[in-house]
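For reference, the chains in residue letters:
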Amino acid sequence: MSELGDFLRARRAAASVASLPFVSSGRRRVPGLRRDEVAVLAGVSVDYYTRLEQGRETNPSAQVTDALAHALDLDVHERRYAYGLAQIVWVPELAETEQPVDTALTRLMDSWPGAACFVLDPLLDIVAMNQLATTLFRPFTATRNLVEMVFLDPEGRTFYADWGRAATGCVANLRASSGLYADTARRHELVDQLSTGSTAFAELWAAHDVEPKTHDQKALRHPDVGEFTIAFDALEVSALPGHQLVVYRAEPASAGERALRTLSEASTSSAQDGRVAGGASHRGT
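In this text, all values refer to a predicted model and were calculated from it rather than measured experimentally.

Go over the overall build of the protein with me, naming the residues and quoting the values.
Within the protein one finds 13 helices and five strands. Within the protein, the fraction of its 285 residues that count as buried is 45%. Of the roughly 14600 Å² of accessible surface on the protein, a fraction of 51% belongs to carbon and sulfur atoms.

Listed below in structure tokens is the structure:
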């Protein structure tokens, strides 16, 4: 026996017969699906699938593991677990369209009025922001993608007071977060657009520096409150694999705290004056 085999057997027993896309007949001696039904759904032989469950085969390919995940209707956490048992690097699907952000997460972001919070996908697209982050990034023409904001928006070199440091860190972070998607069309399109539009990006991208950002400080310059320093933390969002929750905050009694408080008061006033039903500050909700 193997842990992978035990897992497959348990998920097969929990699978619903009603979900089968074909008619299945015959008496069932066990709950859930039969081995031959899972094999058909996954496009593998019954003998091969049996060997997986019995632990005589323990290293299925990524293609087979993914097919079994579809056949057994595994959720995102179960898929990650199955890939780990098969000793394969799991690559979550990169959605072609914006994915909804869990309302629990947006409520959490809104519960920190003194912190600017936003969610990044693996290509550093901003998929959600709280009201303070919306106000903080107001000087930018668009807030679709953090790297585009740094390199392609004219405001980038003003907003980031130490632009060179911010630019270097941003590119190294993009390398780290998007590495699993190196062969995807979306990543190629983004990198081509940035390389064409910014010589600085092209040079930094060619350096191949890789450094995920989890905690750091940034010097920002905002037209409404001047220059100030914030700390930021980037936290993995388990409900959205590959995504990060980024929190900009300031030390107590610092110029940064006063700046964020001023912006927070402005954002609250603006929201009260013209709030759109459903929370316009959140994308993907």
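Read on, since the account is not over.
Can you tell me about the packing of helix α4 (residues 62-71) against helix α5 (residues 76-85), naming the residues and giving the values?
At a closest axis distance of 10 Å, the pairing of α4 and α5 adopts a crossing angle of 145°. Pair α4 / α5 crosses with right-handed handedness. Together, Ala62, Thr65, Asp66, Ala69 and His70 of α4 and Arg79, Ala82 and Tyr83 of α5 make up the contact between the two elements.

Tell me about the side chain of Asn145, and name the residues and values.
Of note, Asn145 is situated in the loop between α7 (131-136) and α8 (146-151). Among the polar contacts listed, one links the side chain of Asn145 to the backbone oxygen of Leu124, at a separation of 3.4 Å. Residue contacts for Asn145: discarding those within four places in its chain leaves Leu123, Leu124, Asp125, Ile126 and Leu190.

Could you give me a rundown of the sheet that holds strand β2 (residues 126-129), with the residues and numbers involved?
One open sheet holds the five strands; their spatial order is β2-β1-β5-β4-β3, and the pairing between them is antiparallel. Lying at the two open borders of the sheet, with one neighbouring strand each, are β2 and β3 (215-222). Strand-to-strand twist in this sheet, taken as the mean axis angle between neighbours without regard to direction, amounts to 30°. Where β3 and strand β4 (residues 226-236) come together, eight bridges link them in antiparallel fashion. Each bridged residue has a counterpart across the sheet, and for His215 the counterpart in β4 is Asp233.

What counts as what
Residues numbered from 1 in each chain as written. Predicted model: local features only at pLDDT ≥ 70, side-chain atom pairs only at ≥ 80, totals over all residues. Heavy atoms only, no water. Helix = DSSP H or I, 4+ residues; strand = E, 2+ residues; numbered from the N terminus. Buried < 20%, exposed > 50% of the residue type's maximum accessible area, 1.4 Å probe, protein only. Areas by Shrake-Rupley, 256 points an atom, 1.4 Å probe, with all protein chains shown as cover. Axes fitted to C-alpha atoms, helices over the stretch in contact; angles between N-to-C directions. Left-handed = near helix turned anticlockwise from the far one by under 90°. Contact = heavy atoms within 4.5 Å. Polar contact = N/O pair within 3.5 Å; in protein donor to acceptor, adjacent residues only side chain to side chain. Pairing = 2+ DSSP bridges.

By themselves, these figures tell us nothing about what the structure is for.
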